[in-house]
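Structural overview
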Amino acid sequence: MEELVETMSSDLPRTVAKGVTWMSSCLPFHLEDRVIHGHNSTYLVQGDHSSILVDTGNPSSWPIISRTLDGLLDGKELTYVFPTHPELPHTGNLPRLVEKYPQIQVIGDVRDYHLFYPQIEPNLHAKVPGDKVDLGGQEFMVVEALIRDLPNTQWGFAPQAGVLFTADGFCYMHRPELDDEDPVHLPGECGLTTGELQVPIAVENAAFFTGSALYWARFANDADAVYDRVLHLIDDLGVQSVAPTHGNFISNIREVEPIIRAGHKRAYRYETAQP
Amino acid sequence: MFTTLYEDKLVVLGGIIPLDGRVSWVPEGATGFQPSNAYLLTEGSSRLLVDSGLAVHSQEILEDLAQLIGEGGGVSMFFTRSEMDCVSNLEPIAGRFDIERLFTGGVINPFDAFDDLSRLALRGRRHQIDAQRTEEGDSVARAAEIEIAPGRVLEVESPLLRLLPTFWGWDQETGTLFTSDTFTHGMMERPDGARIIDSTVEDATTVEQVAGHLYAKYEWIPRSTCGPLREWLQEKFDALDPEIIAPSRGCVLKGRDVVRRHLGFMLDALTPQLV
Ligand SMILES: [Fe+2]
Ligand SMILES: [Fe+2]
Ligand SMILES: [Zn+2]
Ligand SMILES: [Zn+2]
């Protein structure tokens, strides 16, 4: 029988910062000569008494996500889930999480969710940038999403771990020879951080991904303004590493940011110079 | 409650969304009510459902469908986007009716949102309409054709004006252009108000209203190079000369004069300095 569960690498889950576990399902793409992966990550941030899941993964990955949570939570309930924005790879497991953990609080910009998932309305708790939840020796803070597709997108930050969760921001692929809309990698690279990758991200790949997944970058010529704001945020918060949903965990943000910025600029289609 | 747009050929169905500050795709402070739309195209005994409405309207959609196609009847489906306002009734519809074919684009297979083994059987009914992407990933010429019945097709195209992977449909038979998440600005003051703007109703739409709804979701438009978007839209409407604009939400715009007037509003909204 066909395997119903999306590939999840044996390299993951993996602890990437204090109390932060990188969980991932990789969407497999079967090419003629090989199988490549697109990351669809979730991150679990654990404190002494509470924990929060950042993004939910795709529904077809639910069995393995559920099992991984069982292992990591060791009998405790999941306290919070923070869906960055309502696209299936980010929020598709919300109903299953509420079924498994009936007390769970769904936090974030929860506009629209009552229309998509009416059964979880009692679990919805709206948050705005700056709001924090205490996990016990570890916090999670909601941050304005500076790079986004849907307007009701938010980013998150775990101050004690120094990890910024950027949803579709800083997603990229690093294999120059491949072209698909989602950021791809090869088996064996699922659990590597950008600092560990043998082939670095190329500007063309960042450009391709940005122009597809952040389609507006083709029309808005303001990459410098966007990434300058992101760098300010990184300085203000003291960000150590960046955790995107699609793409490897970024351990060396100062080296990766200029490549993503250049790719974003290249995604713009028109000649006119900005005044 | 469904409304016939074209006798024996086209019906709009779906529920009404109260605007209470919990909806992200309308301008801040918007009040009143917004129709959420699915469309049933009929040719003899063949049917194609364009989008599936919101989960919160599941019962209304299912009851309407039962009346229109008979309990357990067969229906093909086409999703203009794989966003939750379009896809979230797939599972309940599949549970009560026979989904013959499902036409979608992008890498996400909406059947993957299903919990159970029926996903396996249903997967094979998916038809990927953008399998051949253009090199630049821009507007795809009307390449895909969905045959509703011999002699009646829905032509499918990826519009230049979009946020996430999106498809517009063109039904020559009824002169209807399905515009997904654009032209969504037609509101209702009361939940039982008219969900169609035609020559018989007083149309108080303003360009500010059109721009407000467009920018609520397409927040990048005001800072973008919009000339190419205007040109593309104008050419599209000149070539097709639609009789009906059928968006995923908001009132249906019906009649050539109404369509032309609202095209004018949209072109002005795409010239941000005019708004
Ligand atoms: Fe997204
Ligand atoms: Fe995403
Ligand atoms: Zn994605
Ligand atoms: Zn992988």
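We now turn to the structure provided with this report. (Residues numbered from 1 in each chain as written. Chains lettered and ligands numbered in written order. Predicted model: local features only at pLDDT ≥ 70, side-chain atom pairs only at ≥ 80, totals over all residues. Heavy atoms only, no water.)

**What about the coordination of the zinc ion (ligand 4)?**
Residue and element names in this part refer to chain A. Formally: Sites may look incomplete because water is not among the atoms; the donors themselves are N, O and S atoms within 2.8 Å of the metal, or within 3.2 Å for Na, K and Ca. Note on conventions: DSSP H or I runs of at least 4 residues are helices, E runs of at least 2 residues are strands, and numbering of each starts at the N terminus. Note on exposure labels: buried denotes an accessible area under 20% of the residue type's maximum, exposed denotes more than 50%, and partly exposed covers the range between, all computed with a 1.4 Å probe on protein chains only.
Protein coordination of the zinc ion (ligand 4) is provided by C26 (SG), H37 (ND1), H185 (NE2) and C190 (SG), with donor distances spanning 2.2 Å. Between consecutive donors of the zinc ion (ligand 4), the numbers of intervening residues give the motif C-x10-H-x147-H-x4-C. Taken together, the positions of H37 in strand β3 (residues 35-46) and C190 in the loop between β12 (184-185) and α5 (203-213) put the pair 153 residues apart, joining distant regions of the chain. The residues H37 and C190 share a single accessibility class, namely buried.

**Observations regarding the interface of chain B and chain A**
Short version of the rule: Contact definition: two residues touch when any of their heavy atoms are within 4.5 Å. Using a 1.4 Å probe, buried area is obtained as the accessible area two parts lose upon being combined, added over both of them. Here, a salt bridge means any Lys or Arg side-chain nitrogen found within 4 Å of an Asp or Glu carboxyl oxygen. Here a polar contact is recorded for every N or O atom pair within 3.5 Å, except that within protein the pair must consist of a potential hydrogen donor and a potential acceptor, and residues adjacent in sequence are included only if both atoms are side-chain atoms. Classes in brief: Ala, Val, Leu, Ile, Met, Phe, Trp, Tyr, Cys and Pro nonpolar; Asp, Glu, Lys and Arg charged; the others, Gly included, polar.
At the junction of the two partners, chain B supplies 43 residues and chain A supplies 38 residues. In this assembly, chain B packs against chain A so that about 3,900 Å² is buried in total across both faces, 57% of it on carbon and sulfur atoms. Across the chain B-chain A interface, the total number found is 3 salt bridges. Between E219(B) and R148(A) there is a salt bridge whose closest N-O contact spans 2.6 Å. Counting across the interface, chain B meets chain A through 12 residue pairs in polar contact (both at pLDDT 80 or more). Secondary structure elements with two or more residues in the side of chain B that touches chain A: α2 (84-87), α4 (118-123), α5 (207-217) and α6 (227-240) of chain B. Sorting elements by how many residues they give to the side of chain B that touches chain A places α4(B) first, with 3 residues. When its residues are assigned to classes, the side of chain B that touches chain A shows 23 nonpolar, 6 polar and 14 charged.

**Points about the nonpolar core**
Spelled out, the test is: In this description, a nonpolar core means a group of buried Ala, Val, Leu, Ile, Met, Phe, Trp, Tyr and Cys residues linked to one another through side-chain atoms lying within 4.5 Å.
Core analysis: the largest hydrophobic core is formed by 68 residues, its most contacted members being I147(A), W155(A), F170(A), I221(B), L233(B) and F237(B). Counting residues in hydrophobic clusters, the runner-up holds 56 residues, among them L88(A), Y101(A), I93(B) and F97(B).

**Quick look at the sheet that holds strand β10 (residues 144-149) of chain B**
Residue and element names in this part refer to chain B. Our working definition: At least two DSSP bridges between two strands are needed for those strands to be called paired. Only the stretch in contact is used when fitting a helix axis, every axis being a line fitted to C-alpha atoms; angles between N-to-C directions are given from 0 to 180 degrees.
The 7 strands lie next to each other as β10-β11-β12-β13-β15-β16-β14, forming an open sheet whose pairing is mixed. Among the strands making up the open sheet, the edge pair consists of β10 and β14 (196-197). Sheet topology note: the β10/strand β11 (residues 152-157) ladder contains 5 bridges and is antiparallel. When the sheet's bridge partners are listed, A144 is paired in β11 with V156. The strands touched by α6 are β11, β12 (168-171), β13 (176-180) and β15 (244-247); relative to β12, the strand with the most contacts, the crossing angle is about 20°. Contacts from helix α7 (residues 256-269) reach β14, β15 and β16 (252-254), with the element oriented near 120° to β16.

**Overview of the coordination of the iron ion (ligand 1)**
Residue and element names in this part refer to chain A. Here is the rule we go by: Square planar and octahedral sites, with four and six donors, are those where opposite donors lie more than 155 degrees apart and all other angles lie between 65 and 115, tetrahedral sites have four donors with every angle between 85 and 135 degrees, and the rest are irregular.
The protein atoms that coordinate the iron ion (ligand 1) are H85 (NE2), E87 (OE), D149 (OD) and D168 (OD), at distances of 1.8 to 2.2 Å. One way to put it: the 4 donor atoms around the iron ion (ligand 1) meet at angles of 88 to 163°, and that makes the site irregular. Each donor residue of the iron ion (ligand 1) lies on one chain, and together they are spaced H-x1-E-x61-D-x18-D. In this structure the iron ion (ligand 2) is found 3.3 Å away from the iron ion (ligand 1), and D168 serves as a bridging donor for the pair. With H85 in the loop between β5 (80-82) and α2 (88-91) and D168 in the loop between β11 (163-167) and β12, this residue pair connects regions lying 83 residues apart in the sequence. Owing to a relative accessible area of 6%, D168 belongs among the buried residues under this scheme.

**Focus: the packing of α5(B) against α7(B)**
Residue and element names in this part refer to chain B. Just so we agree on the cut-off: Small angles under 35 degrees read as roughly parallel and large ones over 145 as roughly antiparallel, with 65 to 115 read as roughly perpendicular and the rest as oblique. Left-handed describes a crossing whose near helix is turned anticlockwise from the far helix through less than a right angle; right-handed describes the clockwise counterpart.
Two numbers describe how α5 lies on α7: the axes approach to 9 Å, and their chain directions differ by 60°. Classed by the angle they form, the pair α5 and α7 counts as oblique. Seen from above, α5 lies across α7 with right-handed handedness. Note on element contacts: α7 touches α5 through F265, M266, D268 and A269, opposite V207, V210, A211, L214 and Y215.

Note that every value here comes from positions in space, so none of it alone points to a role or purpose.
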